Every structure is written in C-alpha cells, then in structure tokens.
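# Results of the structural survey
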Amino acid sequence: MEKTKSRKKFVSNENVSVPIFKNKWLDKLTRTHIAVPVSMFILYAIGLIIYTKYATELSNLQVVGLFFGGWLFFTFAEYMVHKNVYHMKPKTKLRKKITYTMHGIHHDYPKDKSRLAMPPALSIL
C-alpha cells in the first residue's frame, strides 16, 4: 500500500506578513490594501464607460452590454490566469520559486491582508 504525504494547507493562520524579498523597497511593492486595486479598477471602468459613451455613437444599452460582456470576459481571463499561471506545476526550481513568490505565499499565509490582491505596480503592467 502506497503512503500518501500529508500536505500542510498553510504555514500560518495568524495575521502576519512575511517578507518575500530582502530588499525593503521591492518587498513594499508586493503589498497593498485591498481597497487600492479595487478603487483603481472601479475608477478605470467608470472612465472607460464615460469615454465610450461620448467618443462613440453606441446606445446606452450597447455600452451597458459591452460593460457586462467585458466584465464576464475579464472574470474568465482572471480565472484562467489564476488556474494556469499561479497554480502551474513547476518543473524547475526557478519556476517553483517564481510560482511561490507570485501566489504560493498567499496560500501559506492566507490571513495576510496586505497581499489579498495584485499590487498596483503589477496590475498596471
């Protein structure tokens, strides 16, 4: 009978935030309050809706339809990136380190409120 390894689901259930990088400025770029990216996306969406309304001849219904279609497409794209990039099976040590740095630390420290969302510096890219 084959033994199965017991895998720990998280390292810490405490509200701690461990550094990812030794450089304090680089590490600071990995942290953000959840309200910052959410606010950025809301303001960006409002700006695009207003721009679309006044720069095109689309009807209000078409603008609203495009907004919700874009929202669905973005949600699907975000899911696919999360599934295929953040949870990819690392085949090399470098890929394992990159995967952990991008997303694995979130699973090891799930209560780290400064890393609930992609930081603005990376979101803009």
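Keep in mind the model is a prediction, meaning the values are calculated, not measured. In this numbering scheme, every chain counts its residues from 1 along its sequence in written order. Per-residue local features are limited, in this predicted model, to residues with pLDDT of at least 70; the limit for side-chain atom pairs, both in listing and counting, is 80 or more; totals at the level of whole chains, interfaces and linings are taken over all residues. Hydrogens and waters are ignored; side-chain quantities use all the structure's heavy atoms.

## Observations concerning the overall build of the protein chain
Put simply, the test is: By definition, any uninterrupted DSSP run of H or I lasting at least four residues is a helix, any uninterrupted run of E lasting at least two residues is a strand, and each is numbered from the N terminus. For the exposure calls, accessible area comes from a 1.4 Å probe over protein chains only, and a residue counts as buried if that area is under 20% of its type's maximum, exposed if over 50%, partly exposed in between. Contact criterion: two residues are considered in contact whenever any of their non-hydrogen atoms come within 4.5 Å of each other. Method for areas: the Shrake-Rupley scheme with a 1.4 Å probe, in which residue coverage is limited to the protein chains shown.
Within the protein chain, the secondary structure is distributed over five helices and zero strands. Scanning the protein chain from its N terminus toward the C terminus, one meets helices and strands in the order α-α-α-α-α. Out of the 125 residues in the protein chain, the part that is buried amounts to 14%. Across the protein chain, contacts joining residues at least 24 apart in sequence account for 61% of those joining residues at least 6 apart. Carbon together with sulfur atoms contributes 67% to the accessible area of the protein chain, which is approximately 10,800 Å² in total.

## Remarks on the side chain of His-103
Counted only if it meets this: A 3.5 Å cut-off defines polar contacts: any pair of N or O atoms within that distance qualifies, except that in protein one atom must be a possible hydrogen donor and the other a possible acceptor, and neighbouring residues in sequence count only when both atoms are side-chain atoms.
Along the polypeptide, His-103 turns up in helix 4 (residues 93-108). Here His-82 takes part through its side chain, which lies 3.0 Å from a polar atom of the side chain of His-103. Aside from chain neighbours lying at most four places away, what touches His-103 is His-82, Tyr-86 and His-87.

## Digging into helix 4
Our working rule: In a helix, the anticipated span is given by 1.5 Å times the number of residues less one. Two axes enter the bend calculation: one fitted to the seven residues ending at the residue in question, the other to the seven starting there, and the bend is the angle between them.
Here helix 4 is 16 residues long, yet its end C-alpha atoms lie only 18 Å apart, well below the 22 Å a rise of 1.5 Å per residue gives. At Thr-101, helix 4 is deflected by roughly 60 degrees, the largest bend along its length. Looking at the packing, one finds that the buried side of helix 4 touches helix 3 (60-86).

## Section: the packing of aromatic side chains
Let me state the cut-off plainly: Here is the rule: rings of Phe, Tyr and Trp (six-membered ring for Trp) pair when centre to centre is within 6.5 Å. Planes less than 30 degrees apart are stacked, more than 60 are edge-to-face, and the remainder are tilted.
For the structure shown, the criterion picks out four aromatic pairs. Summarising the aromatic geometry, the rings of Phe-41 and Phe-74 are spaced 6.1 Å apart at their centres and angled 55 degrees between planes, so their arrangement reads as tilted. Of this pair, Phe-41 sits in helix 2 (residues 35-55) while Phe-74 sits in helix 3; the two residues are 33 residues apart in sequence, bridging distant segments of the chain. The interplanar angle of 55 degrees and the centroid separation of 5.7 Å between the aromatic rings of Phe-67 and Trp-71 together place this pair among those described as tilted. Pair noted here: Phe-67 and Trp-71 are both in helix 3, with a separation of four residues, about one helical turn. On the basis of relative accessible area, Phe-67 is assigned to the partly exposed category, the value being 28%. In this structure Trp-71 comes out as partly exposed when scored by relative accessible area, which is 49%. Taken together, the ring pairs connect Phe-67, Phe-68 and Trp-71 into an aromatic cluster.

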